[in-house]
Amino acid sequence: MRIFAEVLTIRQYQYIFLTSSIMSHWIKYFFAFLFTVCGYITANSDSKNIILMETGKPFTEQTWFCSGSGNELQESLIKENWDKGARITSVSYGATGWFVTMSKNTGLTGQSYSYTSSWPKEWIEEKQKSGYAITAVCPGKSKWFVVMSQGSGYTSQVWDSGSISELKPTISKWWDSGYDITHACYYNNNKWFIIASKGTPYSTQTWALRTSRDEMKAWIKEMWNKNYYLQLLEYGDQTYFAVVCKFNDGRSPSQTYIISDESEKKFIKEEWDKNK
């Protein structure tokens, strides 16, 4: 099987967060996440494309590449872009295989990752001793891809897995202890994996679970009207999970997003054309 790879480098303008699993092309906007925490490319069984776009990110250049369905992570491309000064800012697994975005001017210094068939508990603990924190995470192809970085600002992290109803009291306990949700992904049999961190840029958070696209869109609109900003939007097992936040520094980024069963190219081009 021929390994399919696409690489695209773009200069600074805006920032795209891919948060639902499948993604193909983007042009003048930038990925995240995770993005940040607000920006993930995630996968789901019925192929929802979820793209969150946001202005005001500091990235000066970004590159993305995907392995192609069923293929392994393109580790050589990660090393190649590390050597150019870029850092991993978003990871996902979906119809395009492993999808990785890397950015410059992230503030991240050292970076390392684990690509293994089980959760790398001992590796994480060893990295934490050297000041690393989890900055991206995604399950796929019966493996866990976990990225840890220095310079994220995170001072402590906790995580747990289960259904959202099982995790609800845990999230409340985290908030009471000064932690904020920074990563979330659906991975198996109604189970979600959520990471919370201290040292985030968020002053407050809230979250919602909705089973229909229209219900989630209505909730996000309500939160925007209350001056919250969309941080995470994930999809799994016919359920949408969203986190919104306010920022410590009072920033107010402009945001737009799409949830689609079709190609996101037209949406991205339209948003690009608006901001020429």
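Keep in mind it's a predicted model, so treat the numbers as computed, not measured.

1. A short note on helix 3 (residues 164-176)
Owing to its 3.6 residues per turn, the α-helix brings residues three or four apart onto one side. Compared with an ideal rise of 1.5 Å per residue, which puts 13 residues at 18 Å, helix 3 spans 18 Å between its outermost C-alpha atoms and is within 8% of the ideal. Next to the buried residues of helix 3 lie strand 10 (156-162), strand 11 (180-188), strand 12 (191-198), strand 13 (202-210) and strand 15 (239-247). With its phi angle positive at about 90°, G178 sits one or two positions after the end of helix 3.

2. Concerning the pairing of strand 8 (residues 133-140)
Strand 8 sits mainly inside the fold: 8 of its 8 residues count as buried. As paired elements, strand 8 and strand 9 (residues 143-149) share 7 bridges and run antiparallel to each other. Note that in strand 9 the partner of G140 across the bridge is K143. The loop that links strand 8 with its antiparallel partner strand 9 comprises 2 residues; one of these, K141, has a positive phi angle of about 55°.

3. What about the sheet that holds strand 10?
Each strand in a sheet pairs with its neighbour through backbone hydrogen bonds, running either in the same direction (parallel) or in the opposite one (antiparallel). Judged by pairing direction, the sheet is antiparallel, and its 3 strands sit side by side in the order 10-12-11 without closing on themselves. Single-partner strands in this sheet number two, and they are strand 10 and strand 11. Direction aside, neighbouring strands of the sheet carry axes that sit 15° apart on average. Looking at chain direction, strand 10 and strand 12 are connected through 7 bridges and run antiparallel. Paired with W159 across the strands is I195, a residue of strand 12. Relative to the sheet, helix 3 contacts strand 10, strand 11 and strand 12, its axis offset from that of strand 10 by approximately 165°.

4. A word on the side chain of D180
Looking at where D180 falls in the secondary structure, it is placed in strand 11. Buried charge without a salt bridge: D180, with K198 as the nearest opposite-charge side chain at an N-O distance of 10 Å. In contact with D180, not counting residues within four places along its chain, are W175, I195, A196, S197, T200, Y202 and Q205.

5. A short note on the confidence of the model for the protein chain
Across the protein chain, the average pLDDT comes to 79, with 75% of residues at 70 or higher. Every residue in residues 1-47 scores below 50 in pLDDT, and together they form 229 contacts with partners more than four places removed in sequence or on other chains.

6. As for the pattern of salt bridges
As a working rule, side chains carrying opposite charge can pair if their charged atoms are close by. On inspection of all chains with the given rule, the structure shows 8 salt bridges. Salt-bridge contacts for D83 lead to K79; the nearest nitrogen and oxygen are separated by 3.3 Å. Note that D83 and K79 are positioned in helix 1 (residues 75-83) at a spacing of 4 residues, about one turn of the helix. Taking the relative accessible area as the measure of exposure, D83 reaches 58% and is therefore exposed. Across the pair E222 and K226 runs a salt bridge, and its minimum N-O distance is 3.2 Å. In this structure E222 comes out as partly exposed when scored by relative accessible area, which is 37%.

7. Some remarks on the state of the cysteines
Applying the stated rule across the entire model yields 0 disulfides. Cysteine C185 is unpaired, with the sulfur of C138 as its nearest cysteine sulfur at 6.2 Å.

Rules of the game
- Residues numbered from 1 in each chain as written.
- Predicted model: local features only at pLDDT ≥ 70, side-chain atom pairs only at ≥ 80, totals over all residues.
- Heavy atoms only, no water.
- Helix = DSSP H or I, 4+ residues; strand = E, 2+ residues; numbered from the N terminus.
- Expected span 1.5 Å × (residues − 1).
- Contact = heavy atoms within 4.5 Å.
- Buried < 20%, exposed > 50% of the residue type's maximum accessible area, 1.4 Å probe, protein only.
- Pairing = 2+ DSSP bridges.
- Axes fitted to C-alpha atoms, helices over the stretch in contact; angles between N-to-C directions.
- Lys, Arg positive; Asp, Glu negative; His and termini not counted.
- Salt bridge = Lys/Arg side-chain N within 4 Å of Asp/Glu carboxyl O.
- pLDDT = per-residue confidence, 0-100.
- Disulfide = S-S within 2.5 Å.

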